Amino acid sequence: RFALQWEVVHEAEPAGFAQFHIVTNGSCLLERYCGETFKLEAGSILLLPQGDSHVVRSASRGGSSGAPIRTEYNNAIRIKTNTRDASDTELICGRLRFDGFMYGLVTAALPKAIVLSIGRTDLFDRMRMLVQAIDEELQAARPGAATIATELATALFVMMLRMHFEQSASSSGIIRLLASSSSARAVTAMLRAPAHPWTLDELAAEAHVSRATLVRIFRREGDL
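Residues numbered from 1 in each chain as written. Predicted model: local features only at pLDDT ≥ 70, side-chain atom pairs only at ≥ 80, totals over all residues. Heavy atoms only, no water.

(A) Molecular detail of the pattern of salt bridges. Taken as a whole and assessed by the stated rule, the structure comprises nine salt bridges. When the shortest N-O distance is used, the salt bridge between Glu41 and Lys39 registers 3.8 Å. The partly exposed category is assigned to Glu41, whose relative accessible area is 37%. Judged by relative accessible area, Lys39 falls into the exposed class, the value being 53%. By sharing partners, the salt bridges in this structure join Glu7, Glu31 and Arg57 into a single network. (Salt bridge = Lys/Arg side-chain N within 4 Å of Asp/Glu carboxyl O. Buried < 20%, exposed > 50% of the residue type's maximum accessible area, 1.4 Å probe, protein only.)

Here's what the structure looks like:
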């Protein structure tokens, strides 16, 4: 929760972590250290699949400076803010951790940064409800809370990916391959064991289709 001028630095996450920001009120700038800058408005979601370092700051650089940013804690939830009164910008920020296989899939299939715009829609409300449910589970700390919070975060991430695929003007070859259940099984097998010298027969067996069918799918969906 921020007001006036502010800036928050996010260090790079360890391998296997993604970061996301959901702007629920106001607007802000997100700058990656490669020089890429995004302006985010209320209803925008920015997903960094590889957890790259970045800075989130107020959208305007002029005007009065806000108070220093302090960190407050509400049980398991960390709140960063520079105001004790009304805020003009609010974000929900979080990170997701993948297992080794899923992280390989993410890095192979997704760009470094994904920006989604959902506006004030029913989907925005559903995603906000997921985040609020995660918050409530962690605050209550009842048995199974961590498991429930993890599953809700997974659902949130899948919704982000689905929106990205739907909003993208065009999908990469690997995304189209993952959209087909047969070729997805073959791609998944290769990502699980990249050092294995895969043969066409082995991949066809993994995909549960014939060699000829698998080749047709890869040519059609993968632009091979």
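Having seen the model, we can carry on.
(B) The sheet that holds strand S1 (residues 7-10), seen in detail. The strand order across the open sheet built from four strands is S1-S6-S3-S4, with neighbouring strands paired in antiparallel fashion. The sheet is open, and its two borders are formed by S1 and strand S4 (37-41), each paired with just one other strand. Ignoring which end each strand starts from, the neighbouring axes of this sheet average 20° apart. As paired strands, strand S3 (residues 27-32) and strand S6 (residues 54-58) are joined by five bridges and run antiparallel to one another. Its bridge partner being in S6, Arg32 is matched across the sheet by His54. (Pairing = 2+ DSSP bridges. Helix = DSSP H or I, 4+ residues; strand = E, 2+ residues; numbered from the N terminus. Axes fitted to C-alpha atoms, helices over the stretch in contact; angles between N-to-C directions.)

(C) Quick look at the environment of Asp85. With respect to the secondary-structure elements, Asp85 resides in the loop between strand S8 (77-81) and strand S9 (90-97). Taking the relative accessible area as the measure of exposure, Asp85 reaches 62% and is therefore exposed.

(D) Representation of the nonpolar core within the structure. Of all hydrophobic cores here, the largest spans 27 residues; its most connected members are Ile22, Met127 and Met160. Contributions of two or more residues to this core are made by strand S2 (17-25), strand S5 (44-48), S9, strand S10 (114-117), helix H2 (122-140) and helix H3 (145-167). Residues in contact with Met160, not counting those within four places in the same chain, are Phe20, Ile22, Ile45, Leu47, Leu116 and Met127. Counting residues in hydrophobic clusters, the runner-up holds 13 residues, among them Val8, Phe38, Leu40 and Leu48. (Core = buried A, V, L, I, M, F, W, Y, C linked by side-chain atoms within 4.5 Å. Contact = heavy atoms within 4.5 Å.)

(E) Main features of the packing of helix H5 (residues 181-192) against helix H6 (residues 200-207). Contact geometry of H5 with H6 gives a least axis separation of 7 Å together with a crossing angle of 120°. Considered as vectors, H5 and H6 are oriented oblique to each other. Every pair of crossing elements has a handedness; the one defined by H5 and H6 is right-handed. Taking contact as the criterion, the partners of Ser182, Arg185, Ala186, Ala189 and Met190 in H5 are, on H6, Leu203, Glu206 and Ala207. When grouped by side-chain class, the residues that make up the contact of H5 with H6 number five nonpolar, one polar and two charged. (Parallel < 35°, antiparallel > 145°, perpendicular 65-115°, else oblique. Left-handed = near helix turned anticlockwise from the far one by under 90°. Nonpolar A, V, L, I, M, F, W, Y, C, P; charged D, E, K, R; others polar.)

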